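In case you want the letters, here they are:
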Amino acid sequence: MGTIFEKIIAREIPAHIIYEDEMVVAFLDIKPVHLGHALIVPKQPFVNAFDAPGDTLAQMMKVGSLIAKRLETTLGAEGVNLIMNNGAAAGQEVFHAHLHVVPRYQDDQAFTSPHRTEVSAEDLAATAEKLRA
Ligand code: AMP
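Structure report, in brief. (Residues numbered from 1 in each chain as written. Predicted model: local features only at pLDDT ≥ 70, side-chain atom pairs only at ≥ 80, totals over all residues. Heavy atoms only, no water.)

## Some words on the overall build of the chain
Formally: Secondary structure counts use DSSP, requiring at least four H or I residues in a row for a helix and at least two E residues in a row for a strand, with both numbered from the N terminus. In this scheme, a residue with accessible area under 20% of its type's maximum is buried, one over 50% is exposed, and one in between is partly exposed, where area comes from a 1.4 Å probe on protein chains only. Note that His is not counted, nor are the chain ends; the positive residues are Lys and Arg, and the negative ones are Asp and Glu. A charged residue contributes its charge at one atom only: NZ of Lys, CZ of Arg, CG of Asp or CD of Glu.
The helix and strand inventory of the chain stands at 3 helices and 5 strands. Starting at the N terminus, the α and β elements of the chain follow one another as α-β-β-β-α-β-β-α. With 133 residues in all, the chain has 31% of them scored as buried. Here the chain contributes 11 positive and 17 negative side-chain charges, whose respective centroids are spaced 3 Å apart.

Right under this line is the structure:
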C-alpha cells in the first residue's frame, strides 16, 4: 500500500503542486511551519535517504535550492531550512522520501534549538575513525 505522497504524485488526491520534472514533484505542506513551506518528493517511492540513490537526492536538493530562492524573492523569506527526516527516530512520519523547504523569518522562534551534548576529544576522534573506515 502506497503512502499519501504516491497518491498526490498520481493526482488521486489534491495538493498544491508548485514544481514538477521527470524525477521529483514539489507541493505545499498541508500543515506548514510558515506559508510557502514545501516538500520535494521523488516520483519513485524511496523510503528516505537511506534508500534513495544519490542522483535522486541530488535532484531533490537542486530543486530545494531553486524553491528556497523563490521563497526569498516572492514571499520575502529571510532564511530557509532544508530538512530531511530519515527514520521514525528522526521525526519521519510519511515513509516516502521528502525534503522540507521551510521559509524562515528573523526571530520567528519556529524551531527550538536542537539538543547538543558535550563530548570528549577522544570520543570525537574515535567516532570519526569509525565513520572513515
Ligand atoms: P515528516 O515528519 O518529515 O515525515 O513530514 C511529513 C510532512 O508531510 C508533514 O510536514 C505533513 O504536514 C505533510 N503532509 C502530510 N500529508 C500531507 C498532504 N496530504 N499534503 C501535503 N503535505 C502533507
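The rest of the description comes next.
## Looking at the site of the ligand
For clarity, the threshold we go by: Whether a residue is near a molecule or strand depends on its heavy atoms: it is near if one of them lies within 4 Å of it. Throughout this description, a polar contact denotes any pair of N or O atoms lying within 3.5 Å of each other; where both atoms belong to protein, one of them has to be capable of donating a hydrogen while the other can accept it, and for residues adjacent in sequence the pair is counted only when both atoms sit in side chains. All accessible-area figures derive from a Shrake-Rupley calculation using a 1.4 Å probe, and residue coverage is judged against the displayed protein chains alone. Put plainly, a pocket is an open set of points on a 1 Å grid over the protein atoms alone with protein on both sides within 12 Å along at least five of seven lines, a cavity is a set where a 1.4 Å probe fits but cannot get out, and a lining residue has an atom within 4 Å of a point. For this analysis, a molecule is said to be in a pocket or cavity if more than half of its atoms are within 2 Å of the grid points defining it.
The environment of the ligand is formed by 16 residues, the closest being Asp-29, Gly-91, Glu-93, His-98 and His-100. Between the ligand and the protein, one listed contact pairs an oxygen atom with a backbone N or O atom of Glu-93 at 2.6 Å. Protein chains bury 85% of the 510 Å² of accessible surface belonging to the ligand in isolation. Taken atom by atom, the bulk of the ligand overlaps the largest pocket. Taken together, the elements giving at least two residues each to the shell around the ligand come down to helix H1 (4-9) and strand S2 (24-28). Top contributing element to the shell around the ligand by residue count: H1, with 3 residues.

## Thoughts on the pattern of salt bridges
Rules: The salt bridge definition used is simple: a Lys or Arg side-chain nitrogen within 4 Å of an Asp or Glu carboxyl oxygen.
Across all of its chains, the model carries 4 salt bridges by this definition. One salt bridge connects Arg-11 with Glu-20, and the closest N-O pair in it is separated by 2.7 Å. Note that Asp-108 is salt-bridged to Arg-104, the shortest N-O span being 2.8 Å. Taking the relative accessible area as the measure of exposure, Arg-104 reaches 17% and is therefore buried.

## Digging into helix H3 (residues 121-132)
Put simply, the rule reads: The span one expects for a helix is its residue count, reduced by one, times 1.5 Å.
Compared with the 16 Å implied by 1.5 Å per residue over 12 residues, the 16 Å span of H3 between its first and last C-alpha is a close match. Of all 12 residues that make up H3, 0 are buried, and the element is exposed over most of its length.

## What to know about the nonpolar core
Across soluble globular proteins, nonpolar side chains have a tendency to be buried as a group. For clarity, the cut-off: What makes a nonpolar core is a set of buried Ala, Val, Leu, Ile, Met, Phe, Trp, Tyr and Cys residues whose side-chain atoms join them at distances within 4.5 Å.
Core analysis: the largest hydrophobic core is formed by 15 residues, its most contacted members being Val-24, Ile-40, Met-60, Val-63, Ile-67, Leu-71 and Val-101. It is helix H2 (residues 54-75) that provides the largest number of residues to this core, a total of 5 residues. Membership of the second largest hydrophobic core comes to 7 residues, among which are Phe-5, Phe-27, Leu-39 and Val-41.

## Focus: the sheet that holds strand S1 (residues 17-20)
Sheets are built from strands paired through backbone hydrogen bonds, the pairs being either parallel or antiparallel. The condition is simple: Whether two strands pair comes down to DSSP finding at least two bridges between them. Interaxial angles span 0 to 180 degrees and are taken between N-to-C directions of axes, which are lines fitted to C-alpha atoms, for helices over the stretch in contact. Any pair of residues with heavy atoms lying within 4.5 Å of one another is described as a contacting pair.
Taken in spatial order, the 5 strands line up as S1-S2-S3-S5-S4 in an open sheet, and their pairing is antiparallel. Looking at strand neighbours, the two that pair on one side only are S1 and strand S4 (79-83), the edges of this open sheet. Ignoring strand direction, the axes of neighbouring strands in this sheet form an average angle of 20°. One ladder, built from 5 bridges, connects S4 with strand S5 (residues 99-104); its direction is antiparallel. From the neighbouring strand, Asn-81 faces S5, where its bridge partner is Val-102. Against the sheet, H2 contacts S1, S2, strand S3 (38-42), S4 and S5, and its axis sits at roughly 20° relative to S5.

Functional significance is not addressed by these values, which are geometric in nature.
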